[in-house]
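# Understanding the architecture of this molecule
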Amino acid sequence: MANVLLSAKGIKIRFGGVIAADGIDLDVHEGENLAIIGPNGAGKTTFLNISTGYLRPQAGSVSFLGRDITAQLPRTITKLGIARAFQIPQLFLDQTVMENMLIAAASLRGHPSGLKALSSLPERPEMERLLDLVGVKEYAERKARELPEGQRKLIDIALALALKPKLLLMDEPTSGVASSEKFGIMDILITALAKEKVTSVFVEHDMDMVERYASRVAVWSMGKIQKVGTPAEVLADPKVREHVIGI
Amino acid sequence: MAGRFKPITMAAVVFFLVAAVAPLFVPSWATLFALILAKSIVVLGIILLLQAGQVSFGHAMFFVTGAYSAAFWGKYVGGGDIVLYLVLGAVSSTVFGLIVGLFVVRYREIFFGMLNLAFSMVLWSLLEKMFHYTNGADGIRVARPGLLGLAFTPETFQYVILYVSLLIAIAAFFGVQRYLDSPLGHMLRAIKSNETRLEYLGTSARRVLLVGYVISAFLGGIGGTLVAIIQQIATPEFGYWTKSGEFVFIAILGGGAHAFGAFAGAAMFEVVRFYAAAQLANAWQLILGVVLIVIILYAPNGLIGLRQRDNRSKEGGH
Amino acid sequence: MNSTLATLAVLDGISYAALVFLVSVGLSLIFGVLRVVNVAHGSFYAFGAYLAATFSLAVAPLSPWLTYPALVAASIVIGVVCGGLIERFLLRPLYGRDDVLQLLITFAAFMIMDNLQRLIWGVQPIFANEPLKLLPNISVFGVNYTSYQVLLLPCVALLTLIGLRYFLRRTLAGAVIMAVTEDREAATAIGIDAKRVYFVTFIIGASFAALGGALALPTTSLVPGMGADMIVLSFAVAATAGLGQIEGTAVTALMIGLARAFIIYTQPEFEVLVPYLLMVLVLLVRPFGLFGATQLRKI
């Protein structure tokens, strides 16, 4: 079995009366593409928030490469090699797409300069390549604010890739992207992840996407993991079909 | 976007040339321009913080720190030189900025503004109340200093301080421009649009803001030292919150999106005050208020934004 | 410090806290609902005081008792006219735009009002203490004090606190305001007119500030600059309590009022420092104020 990259043990959190995580145990293995599915409000995004330090669990722990990262700050966790793409794209809207990417590059490099121009960073060609990979290279000089939601989602993913992560967490990576383009983009993305040896976890609603791209699926339900298995196993489970997929 | 800023840089160069030459023909302008330049330097600092979406209602604390460093030296040590005063003002305000900054960069928006205000009011009341050391509200006179050992007559001195101010202002203008173009400067702007993402890129927004804050305190101190030398006095009023408000006003008037906004705003402000304030002394503040409202409602990018009104703000918030 | 001085300090502190509470709670209410920090708030306080003086001086010759309704009338006029105009014509065009702009436009309103105040009422101090003289003095632990300050003011503050709580938690109009505060989009979706709620809330908040000023009139002389001082002080109180925290504002006002009074009797020169030091200290330990809570953004 491959190395365990991310490991969550006994995660619990509640918001007022809502239990968003009720004893979550999950290991993410190196090299896999793990899909998280489940109904709205099951706690999928909460799991990503806890894994990246945005929320602090009330009980339980998260470790990454054997190191405890529970309640560390998002930036500390990012530096260890976990990058995140968001459900609502999180961009620097007043800056151009390329500037967004170069800020990511400068962050990765550390000790950002206050004198040299951002545009002269040597990572520029690499950032262009990443924008090209997700299909938004033509918008590199446009302000992020001017672009539609679908393009912003893709830039959001490119920003995460710019960090050269070991693990990439994606929250509904292709929601908001035109359905005719979804598969094309995911094909490229999953291939690129494999090539650059990036492990991924993605929250997804579209079962076709899960079937096609996930190597393993975890089913969330009311703050608990209901089932984990290969896409075929999970999608064949009648309980999952009824509660999650709604067939 | 670089192309868009070029005319503004040109405008800045023209402005600096006018500031250098015009007072040679109209002597009373020497002090006027020196004041404009000194205040612009302070306002550059406000503009830096505006990039991060933060408004400091207490920035006069660094201005007054710069002013009193010169005043205290004159009062307790005696003698003095423009260069020495500037170094003292720069060092004291930078150190003070670092100390205050370590606290305030943890806060945003109104909390940032109010904490700055609170710190500045503490300093102001100390200057006002510790009469024994500070002469209280009367302030401390700053005797006309020399420059690198040379002494000047009052007539020459007004030109000396004008050109010193001009040199520093030019350096500050290009320095700030360069900083805003750099990764750190872009990160500062990123704090305004999406601090969460910045943290998720592995960068500490607080550190980025701290660097900006300290630079801005440094600029405030330099400006304060210059104004104290130009007006030959430092009073607690230099550090009162209405002074901080005035700097913010000038930044908004000129336009917070570009470094030249500081100069455009300060020039407009001081020129109007120089010529109109005497006649309109009773209604001066009222006029400023109306101007500010008109700018905010109809030209939110300030004077330098009048040419290209971008409509991004219409799209709504975040 | 002997017990007489201590009693005096406590009484001073309470009466001062009552006034500060009225102003701060208005500021806090406006922030809670509109998410705007109203820099002109101190000007409402000053205008309330000055207009109350004008009204009082006009009616006092008829009957000194008429000065009481004059105080209330002045605060309502200021709240409705100044508050209404500022919300309608300055703040409303800016909703949904950069928060900085809303802050700055109220700053502009402050500059204008501060100047108008000098033009209308001049710079000479104004006294009008009829209401204070009408009520008898009372003795508290051997200390003689005006019942206006030690009974009436705290009662008004307490009634305001209870009334506001009742209004927000028990009435339909209050429920509407709370709904807009908690989730503007959802409230708008169920048919609540958020603009009207903002308008009404701003007027209520402004009226409280003006009432604070009007009630302060009998206890102090009106001078230019009183508005500016009060803005900063009420900011300090509201922020220390946690913006939008109504009960917290009462507790904090009392704390700051008492601390200030004791300092006045021991180290008078550091009086102005008290609210700022307290605010800095509290915010350093609790960034969202004593009673405030953090809010996470949805990502």
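Rules behind the numbers
Residues numbered from 1 in each chain as written. Chains lettered and ligands numbered in written order. Predicted model: local features only at pLDDT ≥ 70, side-chain atom pairs only at ≥ 80, totals over all residues. Helix = DSSP H or I, 4+ residues; strand = E, 2+ residues; numbered from the N terminus. Rg over C-alpha atoms; globule rule 2.2 N^0.38 Å. Buried ≥ 20, exposed ≤ 12 C-beta atoms within 10 Å, placed from the backbone. Contact = placed C-beta atoms within 7 Å. Nonpolar A, V, L, I, M, F, W, Y, C, P; charged D, E, K, R; others polar. Pairing = 2+ DSSP bridges. Axes fitted to C-alpha atoms, helices over the stretch in contact; angles between N-to-C directions. Right-handed = clockwise from strand over helix to strand, strands pointing away. Parallel < 35°, antiparallel > 145°, perpendicular 65-115°, else oblique. Left-handed = near helix turned anticlockwise from the far one by under 90°.

## Examining the overall build of chain A
For chain A, the helix and strand inventory stands at nine helices and 10 strands. By the compact-globule yardstick of 18 Å for 247 residues, chain A fits well, its C-alpha radius of gyration being 18 Å. Taken along the three principal axes of its C-alpha coordinates, chain A extends 55 × 40 × 40 Å. For chain A, buried positions account for 45% of its 247 residues.

## Concerning the interface of chain C and chain B
Counting residues at the interface gives 39 residues for chain C and 37 residues for chain B. When contributions to the side of chain C that touches chain B are tallied by element, the ones reaching two or more residues are helix H4 (99-121), helix H10 (226-241) and helix H12 (273-285) of chain C. Per-element tally for the side of chain C that touches chain B: the top contributor is H4(C), with 15 residues. Residues belonging to the side of chain C that touches chain B are distributed by class as follows: 31 nonpolar, two polar and six charged.

## Some thoughts on the sheet that holds strand S2 (residues 18-29) of chain A
Residues and elements named next belong to chain A. Strand order in the open sheet formed by four strands is S2-S1-S4-S5, and the pairing between neighbours is antiparallel. The two strands at the open ends of the sheet, each matched to only one other strand, are S2 and strand S5 (67-68). Of the pairings in the sheet, the one linking strand S1 (residues 4-15) to strand S4 (residues 59-64) comprises five bridges and is antiparallel in character. Residue pairing in the sheet places Ser7 in a bridge with Ser63 of S4.

## Here we look at the sheet that holds strand S8 (residues 199-203) of chain A
Residue and element names in this part refer to chain A. Strand order in this open sheet of six strands is S6-S7-S8-S3-S9-S10, and the pairing throughout is mixed. Two strands lie at the open edges of the sheet, namely strand S6 (82-85) and strand S10 (224-229), each paired on one side alone. When strand polarity is set aside, the average angle formed by the axes of neighbouring strands in this sheet is 20°. Summarising the sheet, strand S3 (residues 33-37) and S8 pair through four bridges and their orientation is parallel. When the bridges of S8 are listed, Ala35 appears paired with Phe202.

## A closer look at the pairing of strand S7 (residues 167-171) of chain A
All names here are of chain A. Burial analysis of S7 places five of its five residues in the buried class, the great majority of the element. Residues Leu167, Leu169 and Asp171 of S7 are buried on one face, and the alternating residues Leu168 and Met170, pointing to the opposite face, are buried as well. The sheet contact formed by S7 and S8 spans five bridges and is parallel. Counterpart to Met170 in the pairing with S8 is Phe202. Taken together, S7, helix H6 (residues 179-195) and S8 constitute a β-α-β crossover, and its handedness is right-handed.

## Concerning the packing of helix H3 (residues 97-109) of chain A against helix H8 (residues 183-200) of chain B
Close contact between H3(A) and H8(B) brings their axes to 10 Å; oriented N to C, the two are set at 115°. It follows from the interaxial angle that H3(A) and H8(B) lie roughly perpendicular. With respect to the hand of their crossing, H3(A) and H8(B) are arranged in left-handed fashion. Facing H3(A), whose interface residues are Glu99(A), Ile103(A) and Ala106(A), H8(B) presents Pro183(B), His186(B), Met187(B) and Ala190(B).

## Here we look at the packing of helix H2 (residues 41-59) of chain C against H4(C)
Residues and elements named next belong to chain C. Axis separation between H2 and H4 bottoms out at 10 Å; the angle between their running directions is 20°. Viewed along their axes, H2 and H4 adopt a mutual orientation that is roughly parallel. In this structure, the crossing between H2 and H4 has a hand that is left-handed. Contact residues: H2 offers Ser43, Ala46, Phe47 and Tyr50, while H4 offers Phe110, Met113, Asp114, Gln117 and Trp121. Taken together, the residues that form the contact of H2 with H4 break down as six nonpolar, two polar and one charged.

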